[in-house]
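Descriptive structure summary
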Amino acid sequence: MSRPRIVLMEDDAPISSLVSFALEDMGVDLVICANVPEAVARLKETPAALLIMDLMLPGESGLSFLQRHAAAPLFAATTRVMVFSAGLTQAMRRHLEPLGVWRMLAKPASILTLRACVEDALQDAREGPTRNLRAEPTQPASAKARPAGNDLFGGNAWLVAAYSDACLGQFPHDVEDGDAAATQGDFVVLRALGHNLKTALKLLGHDGASARAAALEVAAAQRNTAAAPALWRGLRKDLTDILRRHAEAPAH
Amino acid sequence: MTSFSSNEAATKRLFTSFEAERALAELLQARPPALRAPARAPRVLLIEDSPHIQNLVRLLLARDFPGVELHMASDGDSGLLECARLQPDALIVDILLPGIDGALLVASLRTQPGFNAERLIIMTSLDTPDLEPYVWAFDGLQVVPKRQLPVRLSPLLARALRRRGEARA
């Protein structure tokens, strides 16, 4: 079996050497390119599992390259894109999110973190189709309502159903805890609820509710007295809607 | 519920960590070597405060490891003590925990004789930038995003428990 191919788009030679060193025992075929045209040529030549790319490059920037790719694909949809840059400001992250970026890693990063990201990308590639961020907002509404049994659960219908039941048993307690925390202004509890629910809801395929839980986690961490209670109310409605739909569904 | 850092909270966590470490060392010393590895069912300790993830891990173990004993601790301090008491064959540890966090917990475990990285699985819902402050503690360990647990936990656990079998053979 051929080694997974990783294309690194980076013009800074010491950083390229460091990445090469970090990945040398991971059984990957690392191709280093110093600019956009070279990387596009190599990505077209042989599809890669992962593209690790800087944003500040000679000639065309990484952002411009991703914008062009979003408009008309320049490489295979199965290639995960990881932006590895010192320029990942919040504003830049907002620009990148809709452009199909799988992960963003700020420089400087430890070798361990870089290796963990690459391992995740290779694992994702083995598991199936690309899950770049771009895929999420374009999902049809029906897909969002569908249990995530064919992807995050590896297609195991029993596990999906059993986990769904367990969550339905826990959600009323979450609602109770969240109501008490919102009344008392307990941001620690609200943050923990957001943190825990974002994963549970994501696993169940409720991506919108998961995103709201993640936003609650951030707002509560910032002790945002306006946003956190409002986000809790939204998340509370998500949970009660899920419980109501389940109660109304015909029994099997 | 998960605790989050402030100077006061961090100091308290460290202090609590020392107390827990001392209790752990005393427990290890008090236990005769012959009793450390009795013939028994494999034992897994999950240190996680989220009931949703506790449920998920419980289901995965029931499906894939029916003969394995699953024990749970909902905060870092009791997790450390349970680890000393139970001598689990594999540990599954969350990073954000009430009491000492997963990073301090693992750092404490590393100081214990017989520490074996291969029996430890770290899991997290943190995204990469938020994970950065904790990675110092996880060198050489498997760190699994929680959304990947349904497909990744069982293979990792099988490997950890296989190492246990090899160590005892």
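Further up the page is the structure itself.
An account of the accompanying structure is given in this report.

About the cut-offs
Residues numbered from 1 in each chain as written. Chains lettered and ligands numbered in written order. Predicted model: local features only at pLDDT ≥ 70, side-chain atom pairs only at ≥ 80, totals over all residues. Heavy atoms only, no water. Contact = heavy atoms within 4.5 Å. Buried area = accessible area lost by both parts, 1.4 Å probe. Salt bridge = Lys/Arg side-chain N within 4 Å of Asp/Glu carboxyl O. Polar contact = N/O pair within 3.5 Å; in protein donor to acceptor, adjacent residues only side chain to side chain. Helix = DSSP H or I, 4+ residues; strand = E, 2+ residues; numbered from the N terminus. Nonpolar A, V, L, I, M, F, W, Y, C, P; charged D, E, K, R; others polar. Buried < 20%, exposed > 50% of the residue type's maximum accessible area, 1.4 Å probe, protein only. Pairing = 2+ DSSP bridges. Axes fitted to C-alpha atoms, helices over the stretch in contact; angles between N-to-C directions. Core = buried A, V, L, I, M, F, W, Y, C linked by side-chain atoms within 4.5 Å.

What follows covers the interface of chain B and chain A. Counting from both sides, the interface comprises 30 residues of chain B and, opposite them, 40 residues of chain A. Across the chain B to chain A interface the summed buried area is about 3000 Å²; carbon plus sulfur atoms make up 62%. Inspection of the region where chain B meets chain A yields one salt bridge. Between B:Arg152 and A:Asp120 there is a salt bridge, and its shortest N-O distance comes to 3.4 Å. There are five residue pairs in polar contact (both at pLDDT 80 or more) connecting chain B and chain A. Those elements that provide at least two residues to the side of chain B that touches chain A are α2 (51–64), α5 (128–131) and α6 (149–168) of chain B. Counting residues per element, the side of chain B that touches chain A draws most heavily on α2(B), which supplies eight residues. In the side of chain B that touches chain A, the residues fall into 15 nonpolar, eight polar and seven charged.

This part covers the pattern of salt bridges. With the rule as written, the count across this model stands at 21 salt bridges over all chains. One salt bridge in this structure joins A:Arg244 and A:Glu248, with 3.7 Å as the shortest N-O distance. Highlighted residues: A:Arg244 and A:Glu248, both in helix α10 (residues 227–248), separated by four residues, approximately one helical turn. A salt bridge links B:Glu69 to B:Arg43; the shortest N-O distance between them is 3.2 Å. Of the two residues, B:Glu69 is situated in strand β2 (residues 69–73) and B:Arg43 in strand β1 (residues 43–47); the sequence distance between them amounts to 26 residues. Classification of B:Arg43 by relative accessible area gives buried; the value is 17%. Residues joined in a network through salt bridges with shared partners are A:Arg5, A:Asp29, A:Arg42 and A:Glu45.

Turning our eyes to something else, we now look at the sheet that holds β2(B). Two orientations exist for strands paired in a sheet by backbone hydrogen bonds: parallel and antiparallel. All names here are of chain B. Reading across the sheet, the five strands line up as β2-β1-β3-β4-β5 and stay open at both edges, with parallel pairing between neighbours. Looking along the sheet, the strands with just one partner apiece sit at the ends: β2 and β5 (142–145). Each adjacent strand pair in this sheet contributes to an overall mean axis angle of 20°, direction not counted. Each of β1, β2, β3 (90–94) and β4 (120–124) is contacted by α2, which is oriented at about 170° to β2, the strand it contacts most. Across the sheet, helix α3 (residues 76–86) touches β1, β2 and β3, and the angle it forms with β1 is around 170°.

On to unusual backbone geometry, then. A positive phi is found at A:Arg223, a non-glycine position, where the angle reads about 55°. By the secondary structure assignment, A:Arg223 is in the loop between α9 (207–221) and α10. Relative accessible area serves as the criterion here: at 54%, A:Arg223 is assigned to the exposed category. For B:Gln87, which is not glycine, the phi torsion reads 50° and is therefore positive. Its location among the elements puts B:Gln87 in the loop between α3 and β3.

The next subject is the sheet that holds strand β4 (residues 80–85) of chain A. All names here are of chain A. Here we have five strands laid out as an open sheet, ordered β2-β1-β3-β4-β5, and parallel in their pairing. If you trace the sheet from one side to the other, it starts and ends with β2 (29–33) and β5 (103–106), each paired once. Pairs of neighbouring strands in the sheet enclose a mean axial angle of 20°, with direction left out of account. Of the pairings in the sheet, the one linking strand β3 (residues 50–53) to β4 comprises four bridges and is parallel in character. Directly across from Ile 52, in β4, lies its bridge partner Met 82. Running over the sheet, helix α2 (residues 36–45) touches β1 (5–9), β2 and β3 and is turned about 170° from β1. In the packing of helix α3 (residues 62–71) onto the sheet, contacts are made with β1, β3 and β4, and the angle to β3 comes to roughly 145°.

Turning our eyes to something else, we now look at the nonpolar core. A:Tyr163, A:Phe171, A:Leu201 and B:Leu157 are the most contacted members of the largest nonpolar core, which totals 51 residues. The element best represented in this core is helix α7 (residues 157–184) of chain A, accounting for nine residues.

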